[in-house]
Amino acid sequence: MRIVYHLGAHCTDDDRLVRCLLKNRAVLAEAGIAVPSPTRYRKLLRDTATQLRGAAASQDTQTMILDQIIDDGAADRLILSWTSFLSFPAYAVGEMLYGNGGQRLRGFTQIFPDCEAEFHLGLRNPATFLPDLRERAQSKGHEDILRNVDPLSLRWSDTIRQIKADNPGIPLTVWCDEDTPLIWPEVLQAVAGNDPDLQLEDSDELLAQLLTEAGLARFHAYCAEHPPQSVLQRRRIVTAFLEKFGLPDVLETEIKAPGWTEALVERMTRDYLADVGRIAEMPGVTLIEP
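About the thresholds
- Residues numbered from 1 in each chain as written.
- Predicted model: local features only at pLDDT ≥ 70, side-chain atom pairs only at ≥ 80, totals over all residues.
- Heavy atoms only, no water.
- Helix = DSSP H or I, 4+ residues; strand = E, 2+ residues; numbered from the N terminus.
- Rg over C-alpha atoms; globule rule 2.2 N^0.38 Å.
- Buried < 20%, exposed > 50% of the residue type's maximum accessible area, 1.4 Å probe, protein only.
- Contact = heavy atoms within 4.5 Å.
- Areas by Shrake-Rupley, 256 points an atom, 1.4 Å probe, with all protein chains shown as cover.
- Lys, Arg positive; Asp, Glu negative; His and termini not counted.
- Charge placed at Lys NZ, Arg CZ, Asp CG, Glu CD.
- Pairing = 2+ DSSP bridges.
- Core = buried A, V, L, I, M, F, W, Y, C linked by side-chain atoms within 4.5 Å.
- Salt bridge = Lys/Arg side-chain N within 4 Å of Asp/Glu carboxyl O.

**A word on the overall build of the chain**
Piece 1. From N to C terminus, the chain includes 13 helices and six strands.
Piece 2. In terms of overall dimensions, the chain is globule-like: its C-alpha atoms have a radius of gyration of 20 Å, near the 19 Å expected for 290 residues.
Piece 3. Principal-axis analysis of the C-alpha atoms places the extent of the chain at approximately 55 × 50 × 35 Å.
Piece 4. Looking at the chain residue by residue over its 290 residues, the buried ones come to 51%.
Piece 5. For the chain, restricting intrachain contacts to residue pairs at least 6 apart in sequence, the fraction spanning at least 24 positions comes to 82%.
Piece 6. For the chain, the accessible surface area stands at approximately 14400 Å², while carbon and sulfur atoms represent 48% of it.
Piece 7. Separation between the mean location of the 30 positive side-chain charges and that of the 43 negative ones in the chain comes to 4 Å.

Printed below as a string of structure tokens:
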């Protein structure tokens, strides 16, 4: 069995990916792909990793955990999705983003040491990611996680480098959250591992949140009459409909961070784009891009 860990990150997916895969659970199961409900494994895996303290689980423990997660142990691929695999929001920012994430992932993979693993992670511009993460932590009663933090020092490439160092040999697929409207079908396929010709139901949920109701209806009608002949053509169609029917309140992000200036946000955005370029060149990392 191959185990797929979808890592979030926070403030990117909000379980949209796993909801789509759950709606397609039956057809994916026919292809040997198991998509259990997150309620069956998130607390279970967290508690098990804590008990193991980095040690490899025994064969009996692995079997027991898998029996609690999936009903059919014959699956070839198991999808596990949790935005807090790397960290809880309150502890995600320090000298780097998710500084303990690599070790945490090592602990989770040691629950199934006999299984192959792969990681999937959505990135987001720190200029919008950090304020949202701060707000999410504060909503849980935590203090300001950005206090005494230099936002210009935080790089996703450092996080990925640490994940790879702590989990050598495990492939990592990443994408930019800002690109998801254009690449969402490819992200779903990369995580699920299904045949590209398999059409997943409700795979347009993201577009439904970004387009007006009339725009979404016209998008579906257009694609039905003019089915995209390639990934590139579909992306061009999506881009055109977003430009004409996109919801401004959803597409435009208001940045709320005390003391941040427009110049700082622009600098962070430039640094982020350059950082994504560095990530694309990392060994063992696959970048899904438009």
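**Quick word on the pairing of strand E5 (residues 172-176)**
Piece 1. Within E5, five of the five residues are buried, leaving the element largely enclosed by the surrounding structure.
Piece 2. Because side chains alternate across E5, one face comprises the buried residues Leu172, Val174 and Cys176, and the other comprises Thr173 and Trp175, equally buried.
Piece 3. Sheet analysis places strand E4 (residues 116-123) next to E5, joined by five bridges and oriented parallel. In the strand pairing of E5, Gly122 is matched with Trp175.
Piece 4. For E5 and strand E6 (residues 285-288), the ladder comprises four bridges, and the chain directions are parallel. Residue pairing for E6: Trp175 is matched across the bridge by Ile288.

**So, the nonpolar core**
Piece 1. With 64 residues, the main nonpolar core has Tyr5, Leu45, Ile69, Leu80 and Phe112 as its most contacted residues.
Piece 2. Among all residues touching Ile69, those that are not within four sequence positions of it are Pro36, Arg40, Tyr41, Leu44, Leu45, Leu78, Leu80 and Phe112.

**A word on the side chain of Asp166**
Piece 1. Within the secondary structure layout, Asp166 lies in helix H7 (residues 156-166).
Piece 2. The buried charged residue Asp166 lacks any salt bridge, with Arg106 as its nearest oppositely charged partner at 7.8 Å.

**Describing the pattern of salt bridges**
Piece 1. Going through the model one piece at a time under the given rule, you end up with 19 salt bridges.
Piece 2. Two residues, Asp132 and Arg124, come together in a salt bridge whose shortest N-O distance is 2.8 Å.
Piece 3. Assessed through its relative accessible area of 28%, Asp132 is described here as partly exposed.
Piece 4. With relative accessibility at 7%, the residue Arg124 sits in the buried group.
Piece 5. For Arg235, the salt bridge goes to Glu186, with nearest N and O atoms at 3.2 Å. With a gap of 49 residues between them, Arg235 in helix H11 (residues 231-245) and Glu186 in helix H8 (residues 180-192) connect regions that are remote in the sequence.
Piece 6. Overall, the relative accessible area of 13% leaves Arg235 in the buried class.
Piece 7. Via salt bridges that share partners, Arg2, Arg77, Glu116 and Glu118 belong to a single interconnected network.

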